[in-house]
Amino acid sequence: MAGLSLPPGLGRSFWFAVLLLLGMEFALHSDAVLLRYRSVFAVGRAVDKLQLVETRPPHVLFIGNSRTDNGIDPRTVSRVLSQPAATSFNLGLPGTNVLTWHGMVERLNARGLLGSRGIHTVVLGLDESALQDDNSLGYVSFFADRAALWQAGRYQDWLGSVVRLWSYSGNLRQLREPEKGLRFLAASTRQIDPVGGAAAAYLGYRAGFGAAQDQAQVAQQERAAHQPPAPVALDFLWSMLDRLQGQGVRVFVTIPPLRDRESAFYDSGASAAPYRVLLARLQQHGVTVLPAPTGFVPADFINAGHLRDAGAQRYSADVGRLLRASGVK
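Residues numbered from 1 in each chain as written. Predicted model: local features only at pLDDT ≥ 70, side-chain atom pairs only at ≥ 80, totals over all residues. Heavy atoms only, no water.

## Quick look at the overall build of the protein
Here's step 1: Each helix and strand in the protein was counted, giving 16 helices and 5 strands.
Here's step 2: Relative to its length of 329 residues, the protein is compact, with a C-alpha radius of gyration of 21 Å against a globular reference of 20 Å.
Here's step 3: Per-residue burial over the protein gives 51% buried out of 329 residues.
Here's step 4: Pairs at least 24 residues apart make up 80% of the contacts formed inside the protein by residues separated by at least 6 positions.
Here's step 5: Accessible surface for the protein amounts to roughly 15,100 Å². Of this, 57% is attributable to carbon and sulfur atoms.
Here's step 6: If you average the places of the 33 positive and of the 26 negative side-chain charges in the protein, the two averages end up 5 Å apart. (Helix = DSSP H or I, 4+ residues; strand = E, 2+ residues; numbered from the N terminus. Rg over C-alpha atoms; globule rule 2.2 N^0.38 Å. Buried < 20%, exposed > 50% of the residue type's maximum accessible area, 1.4 Å probe, protein only. Contact = heavy atoms within 4.5 Å. Areas by Shrake-Rupley, 256 points an atom, 1.4 Å probe, with all protein chains shown as cover. Lys, Arg positive; Asp, Glu negative; His and termini not counted. Charge placed at Lys NZ, Arg CZ, Asp CG, Glu CD.)

## Remarks on helix α9 (residues 155-162)
In an α-helix there are 3.6 residues to a turn, and that puts residues three or four apart on one side.
Here's step 1: Residues of α9 that are buried include every one of Asp 157, Gly 160 and Ser 161, and no others. One side of α9 carries all its buried residues, which in axial view fall inside an arc of 100°.
Here's step 2: Its buried side turned inward, α9 meets α7 (139-143), α8 (146-151) and α10 (164-167). (Arc of directions from axis to C-beta.)

## A look at the nonpolar core
In a soluble, globular protein the nonpolar side chains are often hidden away together inside.
Here's step 1: Of all hydrophobic cores here, the largest spans 65 residues; its most connected members are Leu 61, Leu 124, Phe 143, Leu 237 and Leu 282.
Here's step 2: Among the elements that make up this core, the one with the highest residue count is helix α14 (residues 231-246) (8 residues).
Here's step 3: Sequence-distant contacts of Phe 143, defined by excluding residues within four places in its chain, comprise Val 43, Ala 46, Val 47, Leu 50, Thr 100, Gly 103 and Met 104.
Here's step 4: In terms of nonpolar packing, the next biggest core, distinct from the first, is built from 17 residues, Val 60, Leu 81, Phe 252 and Ala 312 among them. (Core = buried A, V, L, I, M, F, W, Y, C linked by side-chain atoms within 4.5 Å.)

## Some details on the sheet that holds strand β2 (residues 88-90)
Here's step 1: Here 5 strands make up an open sheet; going across it, the order is β2-β1-β3-β4-β5 and the pairing parallel. Looking at the sheet topology across the chains shown, the edges are occupied by β2 and β5 (288-289).
Here's step 2: Sheet topology places strand β3 (residues 121-125) next to strand β4 (residues 250-254); 5 bridges connect them, and they run parallel. Bridge pairing in β4 links Val 123 to Phe 252.
Here's step 3: Set on the sheet, α14 makes contact with β3 and β4; between it and β3 the angle comes to about 160°. (Pairing = 2+ DSSP bridges. Axes fitted to C-alpha atoms, helices over the stretch in contact; angles between N-to-C directions.)

## Brief notes about the packing of aromatic side chains
Here's step 1: Within this structure, the stated rule accounts for 10 aromatic pairs.
Here's step 2: Judged by centre distance (5.0 Å) and plane angle (80°), the rings of Phe 142 and Tyr 168 are edge-to-face. Of this pair, Phe 142 sits in helix α7 while Tyr 168 sits in the loop between α10 and α11 (169-172), and the two are 26 residues apart along the sequence. The two residues Phe 142 and Tyr 168 agree in class, both being buried. (Phe/Tyr/Trp six-rings, centres within 6.5 Å; stacked < 30°, edge-to-face > 60°.)

## Comments concerning the environment of Leu 149
Here's step 1: Positionally, Leu 149 belongs in helix α8.
Here's step 2: In this structure Leu 149 comes out as buried when scored by relative accessible area, which is 0%.
Here's step 3: Spatially, the C-alpha atoms of Leu 149 and Ala 130 are 17 Å apart, while their sequence positions differ by 19 residues.
Here's step 4: Residues in contact with Leu 149, not counting those within four places in the same chain, are Val 140, Ala 144, Arg 154, Asp 157, Trp 158 and Phe 236.

## Focus on the packing of helix α6 (residues 98-110) against α14
When two helices pack together, their arrangement is given by the angle between the helix axes and the distance between those axes.
Here's step 1: One can describe the packing of α6 onto α14 by two numbers: an axis separation of 8 Å at closest approach and a directional angle of 25°. Considered as vectors, α6 and α14 are oriented roughly parallel to each other. The element α6 and its partner α14 pack so that their crossing is left-handed. Across from Val 98, Leu 99, Trp 101, His 102, Val 105, Glu 106 and Asn 109 in α6, the residues of α14 making contact are Val 232, Ala 233, Phe 236, Leu 237, Ser 239, Met 240, Arg 243 and Leu 244.
Here's step 2: A class-by-class count of the residues in the contact of α6 with α14 yields 10 nonpolar, 3 polar and 2 charged. (Parallel < 35°, antiparallel > 145°, perpendicular 65-115°, else oblique. Left-handed = near helix turned anticlockwise from the far one by under 90°. Nonpolar A, V, L, I, M, F, W, Y, C, P; charged D, E, K, R; others polar.)

## Details of the pattern of salt bridges
Here's step 1: Within this structure, the stated rule accounts for 16 salt bridges.
Here's step 2: Taking the shortest distance from any N to any O, the salt bridge between Arg 45 and Asp 69 comes out at 2.9 Å. Separated by 24 residues along the polypeptide, Arg 45 in helix α3 (residues 42-55) and Asp 69 in helix α4 (residues 66-69) bring together distant segments of the chain. Like Arg 45, the residue Asp 69 is buried in the burial classification.
Here's step 3: Look at the salt bridges and you will find they share partners, linking Asp 31, Glu 54, Arg 107 and Arg 111 into a network. (Salt bridge = Lys/Arg side-chain N within 4 Å of Asp/Glu carboxyl O.)

Structural data, given as structure tokens:
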């Protein structure tokens, strides 16, 4: 049988295209490359935050999505705890859910950073969208734990973590937008921090302001309020809690405040029952659920679900006082 033959003149072009694709795939597996484009892609900013946690492990780590990202200033929390500022860090990342958080916790555990000599307290900023099965920003391909994906039967996600050029192609297509494309070109020639500053500048906190809010993401978070937790998210939540508690990490949950409604965790309606049940199960699991935040007014918010800086400072101080009352140092 004759071997594979290509049309005349196509051979070199074909192999050049293969090498180009392999190079792009390799780049998507490099934290250094992802960090370079932290001002362009959400996963790049996530690497910026995660690497800072790994190189300068805090004692108190806040994990959540954009409501934590814009809602908790670690410097304020540390001040209330009478600790140096860098002892707390905000690992909140817009658009993330429990599958991503679980993977990051596994990564920190593999580096020996969990426990009394490192990260001894984790505060989860839980809302409804964190418990949905959504991967619109592509975090799962980069940060979810591969072994856990396989064991959960998430074979497409597992494959996407191996072939990231395929799984992340939807996000890469955004480079066709002129603004995004220009930012990519600029980041290719010089170091550019993401909107809101580098992770080290404010210890992961990004003050809420219009330019930092993806309105589609805000709308998705509000839609999630009417959906029950996804079974896969619950499985990964319990696995993450077992890992943290197994390493001696104290786990707290805080429910970020909302402008126009009660969180489903505190809603008395029938559709919110799964969230009330989950809150009770968390307490039975040894997780301390901090009291619901109160006293916020519309002026404290930049939109329906995200605090502006003044509101975040109040929320951070409240959380700090509650942690101090629980013996966190």
